[in-house]
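In case you want the letters, here they are:
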Number of protein chains: 2
Amino acid sequence: MKSEIIAVGSEMLTPHRQDTNSLYLTEKLNEIGVSVAFKTIVGDRRKDIVGAIQNALTRTDIVILMGGLGPTEDDLTREALAEALAVKLKRDAPQVAALHARAATWRISMPENNLKQADLIEGATFLDNPNGSAPGQWLETIYSGYRKIIILVPGPPHECKPLFDDECLPRLRDIVPERHLARRTLKAAMIPESQADKLLAPIYTTYTDVETTILAHAGDIQLTLLCTKKNKDLAEQRVEELATKLEEALDDWMYSAEGETLEQIVLYYLGLRQATLAVAESCTGGMVAQRITSVPGSSRSFLGGVVVYSNEMKTAFADVPAELIKQHGAVSSEVASALAEGIRKRTGATLGLGVTGIAGPTGATETKPVGRVYIAVSDAQTTDSFERNFRGSRDRIREWASQQALDLVRRRLI
Amino acid sequence: MKSEIIAVGSEMLTPHRQDTNSLYLTEKLNEIGVSVAFKTIVGDRRKDIVGAIQNALTRTDIVILMGGLGPTEDDLTREALAEALAVKLKRDAPQVAALHARAATWRISMPENNLKQADLIEGATFLDNPNGSAPGQWLETIYSGYRKIIILVPGPPHECKPLFDDECLPRLRDIVPERHLARRTLKAAMIPESQADKLLAPIYTTYTDVETTILAHAGDIQLTLLCTKKNKDLAEQRVEELATKLEEALDDWMYSAEGETLEQIVLYYLGLRQATLAVAESCTGGMVAQRITSVPGSSRSFLGGVVVYSNEMKTAFADVPAELIKQHGAVSSEVASALAEGIRKRTGATLGLGVTGIAGPTGATETKPVGRVYIAVSDAQTTDSFERNFRGSRDRIREWASQQALDLVRRRLI
């Protein structure tokens, strides 16, 4: 079955705001075997909404209208739908009572206008919205001789998503032919994009019944495998089979088979090895520490870090000899190693990580371009230093460098 | 004049990918006085694209088709437009030659299929695309008796945006009645949302000819004022007038009148006062340092920082007395002050910043809930400590805390 999502709201036709609910609804619809064939964004003009609804009804089976259910004059979705179907709106007495009760609970006065939210499309039923005052509506109807499902959901994400999950999906599951979805998410770090393509495309393109989506960002690749079938075991078997082949191809580039973040995996291995980590960052400026500490409970394995921008700070907080900086430059393999060793010894951590580089846009020298980064990992036995060259903006270079740094720690631990 | 943007591509109907070009195009269109009345997203199915184009032509004056201009079998925008208008596609000889020349420069072989990109809609002209192989197309035509402009632009953002700027906007400016746009962006930090509404709405709602957009995120509020008029001076005067009133109302909550980030402003004041800053972070885990170092040239005023998660690190790197932590707890006003003073003295910075708190989801105590954060700012004369309580997820609390910390530094400097 094909669906269309219509997002109603003039703010989504400005340069500043985008419809994001539809990504969530799309995921949930796909899971039960409903595809999204069109998305339309329309402003708060009644005539435009009426037209958009009629278009949608001519080309899809399920139409989801999102937003425009509130109490203000700009909220016109109910009125527009009634006009598009040439049916009446009827003010629902129990819903009026519910609105009054809600206002009483919140100890707020209720303007007359609020009662609009109790207006029910002829033939529709209300969908309970525990997170807001405007209920959703569900309508099964015949349009130009075809059976259609029309769903009204509120716009605010914290109202829309639970209402869709709790009220709409169960009803849709009863109507849509039963399908089972199997899904796996694999993640890999620092694999060159061209290599990933060459390695993976010949494998996943042969699985035409599994939808493989690849998202890449700053050294992080996420592969999502989705298979929808009538037979649940068969769907899972197909995804498993493909996942196994992709895992083999990804080899040790792969860090997660269940969708964890790289920082979660690093912390997982640190816990497993009963090891601790401390970091000394220059060009990443705290980004590595910030990523690690974004994980709840990271304090068990992460002792802390220093952001040592100046040469003096490198010496004062990570014991990098001033002489070494003078000799090799602050951005050098030697200083990266000294940062890693210094912070490890200073903190008593099992592992020390050092990052120094040129994030740009200025700071390049004759021998060291913008994007040159040195990363070192140190434990009691050895210190290894790596040279990398990243491209792009200051932000991109810092993101790539923090990703590479975390991945080098992971590789030391596995 | 009203426009519709149609984004073509099945990937934008998945849960993973969204059209983002349209935000950019909307901004540029609004600047010349063209509103966007609808956005449609349609997959790579010819029939669907034809229908979407015909819908758009019945309801708007300018239709922009984005994507589906490449060489693959899925690229169907040209064919669909020809069908929708019942006109022919003609392979353009000079464009074929250009494609061959391009392939030769890149030393790549050119499959026959690539030549599709030289197919021109009857009556259209090509729009030069220096960043890709598929040129855009520009068509002025009559549809059902009305004059319409139809524009084809490539989908990849780095091709779409420059082509739209260089080839489409000048042509549109010649056609659209001349309008001038005046714009101002004001930014404010840490103003309570309810207060912002109460303070600002009565002011900006009286300026019905100025469009005021408010975006709020984790203690940061951005107000964009836009006014489009035939008379340039009048547009600027209206925006200035409103901006002045809003600036007065925002008082010292406002940190930028030109759209700078809070970290840029902090660095600006540090430079102005010839002051330097160093930070000691616990719960924000490097987020403050990372935000500051995201600004190019930050090394001139930012000496560096420490991420001191454990009590031992607080003592070792910021000289917080172990006794003090024992007495008041690591999350306390006293420890925040000691962190700020300690890092200031250790680094010789003019200003020291200390942050300690409970980011959650665990770590709350009987007296200190998740979200409790202490922030201290220290200079040679005084150390001030502030208690705050933030709500939301771990990420949200860390974002609010870093915003509050930067704003307290700003307030110390102004």
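Everything discussed here concerns the structure shown above.
Residues numbered from 1 in each chain as written. Chains lettered and ligands numbered in written order. Predicted model: local features only at pLDDT ≥ 70, side-chain atom pairs only at ≥ 80, totals over all residues.

So what exactly am I meant to see when it comes to the overall build of chain A here?
Counting its secondary structure elements, chain A contains 13 helices and 17 strands. Taken over the C-alpha trace, chain A has a radius of gyration of 28 Å; the compact-globule value for 414 residues is 22 Å, which it surpasses by more than 25%. If you line up chain A on its principal axes, its C-alpha atoms span 85 × 55 × 40 Å. Across the 414 residues of chain A, 47% fall into the buried class. The long-range share in chain A, meaning contacts at least 24 apart out of those at least 6 apart in sequence, stands at 67%. (Helix = DSSP H or I, 4+ residues; strand = E, 2+ residues; numbered from the N terminus. Rg over C-alpha atoms; globule rule 2.2 N^0.38 Å. Buried ≥ 20, exposed ≤ 12 C-beta atoms within 10 Å, placed from the backbone. Contact = placed C-beta atoms within 7 Å.)

Would you explain helix 7 (residues 232–250) of chain B in this entry?
Residue and element names in this part refer to chain B. An ideal rise of 1.5 Å per residue puts 27 Å on 19 residues; helix 7 measures up with 27 Å between its terminal C-alpha atoms. Inspection of helix 7 places Ala 235, Val 239, Leu 242, Ala 243, Leu 246 and Leu 250 among the buried residues, and these make up the whole buried set. Within helix 7, the buried residues cover an arc of 105° as seen down the axis, which keeps them to one side. Facing away from the buried surface of helix 7 by more than 90 degrees, the exposed residues are Asp 233, Thr 244 and Glu 248. (Expected span 1.5 Å × (residues − 1). Arc of directions from axis to C-beta.)

What is the right way to read the sheet that holds strand 9 (residues 180–189) of chain A from this model?
Pairing between the strands of a sheet is mediated by backbone hydrogen bonds and can be parallel or antiparallel. Residue and element names in this part refer to chain A. If you trace the four strands from one edge of the open sheet to the other, you get 10-11-9-12, paired in antiparallel fashion. Edge positions in the sheet fall to strand 10 (211–217) and strand 12 (254–256), since each has one partner strand and no second. For this sheet, the mean angle separating the axes of adjacent strands, direction not counted, is 30°. In terms of strand pairing, strand 9 meets strand 11 (residues 220–229) through ten bridges, oriented antiparallel. Each bridged residue has a counterpart across the sheet, and for Arg 184 the counterpart in strand 11 is Leu 225. The strands that helix 7 (residues 232–250) touches are strand 9, strand 11 and strand 12; relative to strand 9, the one it contacts most, it runs at about 10°. (Pairing = 2+ DSSP bridges. Axes fitted to C-alpha atoms, helices over the stretch in contact; angles between N-to-C directions.)

Please explain the environment of Glu 27 of chain B as it appears in this structure.
Residues and elements named next belong to chain B. Of note, Glu 27 is situated in helix 1 (residues 21–31). Note on Glu 27: 15 C-beta atoms within 10 Å, which makes it partly exposed. Taking the C-alpha atoms as reference, Glu 27 lies 16 Å from Leu 215; in sequence the two are 188 residues apart.

Whenever I open this one, helix 10 (residues 311–318) of chain B confuses me. Can you help?
Note on helix geometry: an α-helix contains 3.6 residues per turn, so any two residues three or four positions apart are oriented the same way. Residue and element names in this part refer to chain B. Of all the positions in helix 10, only Met 313, Lys 314, Phe 317 and Ala 318 are classed as buried. Each buried residue of helix 10 sits inside an arc of 105° when the element is viewed along its axis, so together they form one side. Note on helix 10: the residue one or two positions beyond its end, Asp 319, has a positive phi of about 55°.

Help me out: how do you make sense of the relation of the copies chain A and chain B in this one?
Note that the two copies of the chain are related through a rotation about an axis and a translation along the same axis. Superposition of chain A onto chain B requires a rotation of 180° combined with a translation of 0.1 Å along the rotation axis, giving an RMSD of 0.1 Å. The relationship between the two copies is best expressed as a two-fold rotation axis. Here 100% of the interface residues in chain A have copies in chain B that are interface residues too; the copies meet face to matching face. (Least-squares fit on C-alpha atoms with pLDDT ≥ 70 in both.)

What is the right way to read the interface of chain A and chain B from this model?
In many reports, interface size means the accessible area that the parts give up when they come together. The interface of chain A with chain B comprises 48 residues on the first partner and 49 residues on the second. Where the side of chain A that touches chain B is concerned, the elements lending two or more residues are helix 1 (21–31), strand 2 (35–42), helix 2 (46–59), strand 10, helix 9 (287–293), strand 14 (302–308), helix 10 (311–318) and helix 13 (394–413) of chain A. The class makeup of the residues in the side of chain A that touches chain B is 21 nonpolar, 21 polar and six charged. Bridge count for strand 14 of chain A against strand 14 (residues 302–308) of chain B is five bridges, and the pairing is antiparallel. Each bridged residue has a counterpart across the sheet, and for Val 306 of chain A the counterpart in strand 14 of chain B is Val 306 of chain B. (Nonpolar A, V, L, I, M, F, W, Y, C, P; charged D, E, K, R; others polar.)

In this structure, what is going on with unusual backbone geometry? I would like to understand it.
Among all residues except glycine, the phi angle is most often negative; among peptide bonds, the trans geometry is most common. For the peptide bond that leads from Gly 360 of chain A to Pro 361 of chain A, omega is 0°, which places it in the cis range. As for its placement among the helices and strands, Pro 361 of chain A is situated in the loop between strand 15 (351–357) and strand 16 (372–378). With a phi angle near 50°, Ser 144 of chain A is a residue other than glycine that sits in the positive phi range. Note that Ser 144 of chain A resides in the loop between strand 7 (136–143) and strand 8 (146–153). Non-glycine residue Asp 319 of chain B carries a positive phi angle of around 55°. Here Asp 319 of chain B shows up in the loop between helix 10 and helix 11 (322–328). Classification of Asp 319 of chain B as partly exposed rests on a count of 15 C-beta atoms within 10 Å.

Whenever I open this one, the nonpolar core confuses me. Can you help?
As a rule of thumb, nonpolar side chains are buried together in soluble globular proteins. Core analysis: the biggest nonpolar cluster contains 149 residues, and Leu 277, Leu 339 and Leu 353 of chain A together with Leu 277, Leu 339 and Leu 353 of chain B have the highest contact counts within it. The residues touching Leu 277 of chain A, leaving out its near neighbours within four places in the chain, are Leu 270, Ser 301, Phe 302, Leu 303, Ala 349, Leu 351, Leu 353 and Val 409 of chain A. (Core = buried A, V, L, I, M, F, W, Y, C linked by C-beta atoms within 7 Å.)

Where do I start with the sheet that holds strand 17 (residues 383–389) of chain B in this structure?
Read across the open sheet, the ten strands follow the order 17(A)-16(A)-15(A)-13(A)-14(A)-14(B)-13(B)-15(B)-16(B)-17(B); overall the sheet is mixed. Only two strands of the sheet have a single partner each, and these edge strands are strand 17 (383–389) of chain A together with strand 17 of chain B. Averaged over all pairs of adjacent strands, the angle between their axes in this sheet comes to 10°, without regard to strand direction. Sheet topology note: the strand 13 (residues 277–281) of chain B/strand 14 of chain B ladder contains five bridges and is parallel. Considered in strand 14 of chain B, the bridge of Val 279 of chain B is made with Gly 305 of chain B. Of the strands in this sheet, strand 13 (277–281), strand 14, strand 15, strand 16 and strand 17 of chain A are in contact with helix 12 (residues 333–347) of chain A, which crosses strand 15 of chain A at around 145°.

Teacher, can you tell me more about the pairing of strand 14 of chain A here?
Along strand 14 of chain A, seven of the seven residues are buried, which leaves the element largely enclosed by surrounding structure. Following the backbone out of strand 13 of chain A, through helix 9 of chain A and into the adjacent parallel strand 14 of chain A, one traces a crossover that is right-handed. (Right-handed = clockwise from strand over helix to strand, strands pointing away.)

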